[in-house]
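Below, each chain spelled out in residue letters.
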Amino acid sequence: MILVSACLLGTNCKYSGGNNKSERLAELVKDYTLLPVCPEVSGGMPTPRKPNEITGGSGEAVLMGSAKVQCKEGTDNTESFIKGAKETLSLAKKFNIKYAVLKERSPSCGSSFVYDGTFSGKLVNGRGVTAALLMENGIKVYSENGIEQLLKDIQKDSNSMKKDEV
Ligand code: SF4
């Protein structure tokens, strides 16, 4: 089973009320069970909602309490983002999830890039809050651009498990 950002499967949970549907991800349902989750909705945020960015660090720093997530007007939504990350981890543990495909650049779901907190469209290297928490707990997180790598890794991991069983 693979945990996925719900917006990538076409759920209209994006801050704007739309989605980020990925046709490539949708094709995986032929071979895998996909478990959609939206950490921001799980954290209690409405849809649509104001866009948020991490300021003062990336997802790991938010989890440690040294950075925050806020909207342009300055409303601090850090607690909702942490709650959403914890709810997502709890779901992942319940289903023994090892892999996740999460939407790049989101302050929750980004796995390599997030916006820099200035609301100017500038990206920096870093993870969103949920991606960071999942990775800290041993879950392999890929973006929607990393699906081919995910499939290679699943194959590789399953081959090494077979070897261990011999
Ligand atoms: Fe998509 Fe993640 Fe943002 Fe929810 S929090 S809309 S799943 S990118």
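Residues numbered from 1 in each chain as written. Predicted model: local features only at pLDDT ≥ 70, side-chain atom pairs only at ≥ 80, totals over all residues. Heavy atoms only, no water.

Engineer: Can you help me understand the nonpolar core in this one?
Structural biologist: Where a protein is soluble and globular, its nonpolar side chains tend to be buried together. V129, L134 and I139 are the most contacted members of the largest nonpolar core, which has 24 residues in total. In terms of residues, this core owes the most to one element, helix α4 (residues 78–94), which gives five residues. Counting residues in each nonpolar core, the second largest holds twelve residues, with V4, L28, L34 and L150 among its members. (Core = buried A, V, L, I, M, F, W, Y, C linked by side-chain atoms within 4.5 Å. Buried < 20%, exposed > 50% of the residue type's maximum accessible area, 1.4 Å probe, protein only. Helix = DSSP H or I, 4+ residues; strand = E, 2+ residues; numbered from the N terminus.)

Engineer: Mind showing me how you'd approach the pattern of salt bridges here?
Structural biologist: When the charged atoms of two side chains with opposite charge come close together, those side chains can pair. As enumerated under the stated definition, the model contains seven salt bridges in all. Between R24 and E148 there is a salt bridge, with its nearest N and O atoms 2.7 Å apart. Here R24 is found in helix α1 (residues 23–27), whereas its partner E148 is found in helix α6 (residues 147–165), with 124 residues between them in sequence. Residues K83 and E87 are paired through a salt bridge, measuring 3.8 Å at the closest nitrogen-oxygen approach. Highlighted residues: K83 and E87, both in helix α4, separated by four residues, approximately one helical turn. Look at K83 and you get partly exposed, because its relative accessible area is 41%. (Salt bridge = Lys/Arg side-chain N within 4 Å of Asp/Glu carboxyl O.)

Engineer: I would appreciate a short explanation of unusual backbone geometry in the present structure.
Structural biologist: Backbone geometry follows two general trends: most residues other than glycine have a negative phi, and most peptide bonds adopt the trans configuration. Cis geometry marks the peptide bond from T47 to P48; its omega dihedral reads -5 degrees. Positive phi, close to 55 degrees, is recorded for N96, a residue that is not glycine. Tracing the chain through its elements places N96 in the loop between α4 and β5 (99–101). The class of N96 is exposed, set by a relative accessible area of 55%.

Engineer: I tried to follow the environment of A67 on my own but got confused; where do I start?
Structural biologist: Tracing the sequence through the fold places A67 in the loop between α3 (59–64) and β4 (68–71). Here A67 falls in the buried class, since its relative accessible area comes to 9%. The spacing of A67 and T78 is eleven residues in sequence and 8.6 Å in space, taken between C-alpha atoms.

Engineer: Can you walk me through helix α5 (residues 129–136) in this structure?
Structural biologist: An α-helical segment advances 3.6 residues per turn. Residues three or four places apart therefore align on the same side. Of all the eight residues making up α5, six are buried; the element is thus mostly covered by neighbouring parts of the structure. Buried within α5 are the following residues: V129, T130, A131, A132, L133 and L134. Backbone geometry just after α5 places G138 at a positive phi near 85 degrees.

Engineer: Mind showing me how you'd approach the packing of α4 against α5 here?
Structural biologist: Angle between the axes and distance between the axes: these two values describe a pair of packed helices. One way to put it is that α4 packs onto α5 with a least axis distance of 8 Å and a crossing angle of 40 degrees. Between α4 and α5, the interaxial angle falls into the category oblique. Crossing of α4 over α5 shows right-handed handedness. Between α4, through F81, I82, G84, A85, K86, T88, L89 and A92, and α5, the contact on the second element is made entirely by V129, T130, L133 and L134. In terms of residue class, the contact of α4 with α5 is built from eight nonpolar, three polar and one charged. (Axes fitted to C-alpha atoms, helices over the stretch in contact; angles between N-to-C directions. Parallel < 35°, antiparallel > 145°, perpendicular 65-115°, else oblique. Left-handed = near helix turned anticlockwise from the far one by under 90°. Contact = heavy atoms within 4.5 Å. Nonpolar A, V, L, I, M, F, W, Y, C, P; charged D, E, K, R; others polar.)

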